[in-house]
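Chain residues, written in single-letter form:
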Amino acid sequence: MRSPIFDQKHQVVQSHERWALQSERMLRVGFGPDALAAKGAMVAYNGVMDFSHEGAGSMTNFLKRAVTNEGGSLMRVSGQGEVFFARNAAHVFTMDLEGDAITINTSSLLAFDATLQWNITTIGNAGMLAGGLFNLQVSGHGTVGVTSEGPPLILDCSRQPTYVDPQAAICWSANLNPTIKNDFKMGSLIGRGSGESFQLAFQGPGFVVIQPSEGRPFRGA
């Protein structure tokens, strides 16, 4: 049988690394140690693997999860073999944490080492919008896989205030504490159904990664 599908670029990328990009849209994780992943992110696996629902981890997370449903779709992946993760053909990148932390928009989370600590966080002055602005903070030593709807862009927040659409924000330095900037005007009620009246305001030493998409509709708008 002959077909371009058998070209090398369509074959599994062999790697001794635990976390290895197979393409700009797919991630391979070798097992070993357990990982936590977004439910539905597994597209294939080799070997003997087990996929189970992951609990809240703490009473605080349980209560936040009950109210917001954030962090409520994690699964624990364990076994021997390799698993391929992807989400809606989005771009994928990894970040290696070395005793530091990152805050991730849960809609952009793909998978991370189970040895990392995680906690559901909120935006400081979100108020009535808080239901749509809970995120996941991951810390410790390990790797995180993150998705972006299109090629991601990193912005330096240390030089001047940076404002980002909540659904375009993928992840940011955990030391940054974004606040809500409200540009709402009565005229916004006509012809604007998105969340563009609200932005996340970042300022300080650190970065925010954005995607060229507003993702899901903003629930607070």
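Just so you know, the residues in each chain are numbered from 1, in the order the chain's sequence is written. Selection of residues for local features in this predicted model requires a pLDDT of at least 70, selection of side-chain atom pairs for listing and counting requires 80 or more, and totals for whole chains, interfaces and linings are taken over all residues. Hydrogens and water molecules were not included; the side-chain quantities draw on all heavy atoms of the structure.

Looking up the protein in an unreviewed UniProt entry gives the name AIM24 family protein, with the organism given as Gordonia pseudamarae.

Participant: Hey, could you run me through the overall build of the protein in this one?
Facilitator: Secondary structure follows DSSP: runs of H or I at least 4 residues long count as helices, runs of E at least 2 residues long count as strands, and numbering of each begins at the N terminus. For the protein, the helix and strand inventory stands at one helix and 15 strands. Sorting the 221 residues of the protein into buried and exposed places 47% on the buried side. At a minimum sequence separation of 6, the contacts of the protein that also span at least 24 residues come to 76%. Burial status follows relative accessibility: with a 1.4 Å probe on protein chains alone, a residue under 20% of its type maximum counts as buried, one over 50% as exposed, and anything between as partly exposed. Here a residue-residue contact requires only that any non-hydrogen atoms of the pair lie within 4.5 Å.

Participant: When you look at the pairing of strand β2 (residues 26-31) in this model, what are you seeing that I'm missing?
Facilitator: Remark: a regular strand shows side chains that alternate across the two faces of the sheet. Buried residues dominate β2, accounting for five of its six residues. Here strand β1 (residues 19-23) pairs with β2 via four bridges, running antiparallel. Residue Trp19 lies in a different strand from β2, and its bridge partner there is Val29. We treat two strands as partners when DSSP finds at least two bridges between them. Between β1 and β2, which pair antiparallel in sequence order, lie two residues.

Participant: Help me understand the pattern of salt bridges, please; the structure alone is not making it clear to me.
Facilitator: Think of it this way: side chains of opposite charge can pair up when their charged atoms draw near. The term salt bridge refers to a side-chain nitrogen of Lys or Arg lying within 4 Å of a carboxyl oxygen of Asp or Glu. Taken as a whole and assessed by the stated rule, the structure comprises six salt bridges. The closest approach of N and O atoms between Asp156 and Arg159, which form a salt bridge, is 3.6 Å. Looking at Asp156, the relative accessible area reads 38%, which means it is partly exposed. Using a relative accessible area of 73% as the deciding quantity, one classes Arg159 as exposed.

Participant: Explain the packing of aromatic side chains to me, please; I cannot follow it from the model alone.
Facilitator: Within a pair of aromatic rings, the relevant descriptors are the distance that separates the centres and the angle that separates the planes. Any two rings among Phe, Tyr and Trp, with Trp reduced to its six-membered ring, count as a pair given centres within 6.5 Å; such a pair is stacked if its planes are under 30 degrees apart, edge-to-face if over 60, and tilted if neither. Evaluation of the coordinates by the stated rule reveals two aromatic pairs. Geometrically, the ring pair formed by Trp172 and Phe202 is edge-to-face, given 5.2 Å between the ring centres and 65° between the ring planes. One end of the pair, Trp172, is in strand β12 (residues 169-173); the other, Phe202, is in strand β14 (residues 198-202), and 30 residues separate them in sequence. Phe202 matches Trp172 in its accessibility class, with the two residues each being buried. Only when the NZ of Lys or the CZ of Arg is both within 6 Å of the ring centre and within 35 degrees of the ring normal is a charge said to sit over the ring. For Arg18, the ring lying beneath its charged end belongs to Phe31, and the centroid distance is 5.2 Å. Of note, Lys181 hangs over the ring of Tyr163, and the distance from its end group to the ring centre comes to 5.4 Å.

Participant: Sorry, what's going on with a nonpolar patch on the surface here?
Facilitator: Each patch is built from residues lacking any salt bridge and having more than 30% relative accessible area; the joining distance is 9 Å for like charges and 5 Å for nonpolar side chains (Val, Leu, Ile, Met, Phe, Trp, Tyr). All accessible-area figures derive from a Shrake-Rupley calculation using a 1.4 Å probe, and residue coverage is judged against the displayed protein chains alone. Taken together, the side chains of Met1, Ile5 and Phe6 make up a nonpolar region of the molecular surface, amounting to roughly 410 Å² of accessible area. Inspection of the secondary structure puts Phe6 in the segment before β1. On the basis of relative accessibility, which here comes to 45%, the residue Phe6 falls in the partly exposed class.

Participant: Got a minute to help me understand unusual backbone geometry in this structure?
Facilitator: For residues besides glycine, phi is generally negative; the peptide bonds are generally trans as well. Residue Gly32 is bonded to the preceding Phe31 through a cis peptide linkage, with omega at -15°. Relative to the helices and strands, Gly32 resides in the loop between β2 and β3 (35-38). We note that Asn88 has phi near 50°; this positive angle belongs to a residue other than glycine. Counting through the fold element by element, Asn88 comes out in the loop between β5 (74-85) and β6 (91-104).

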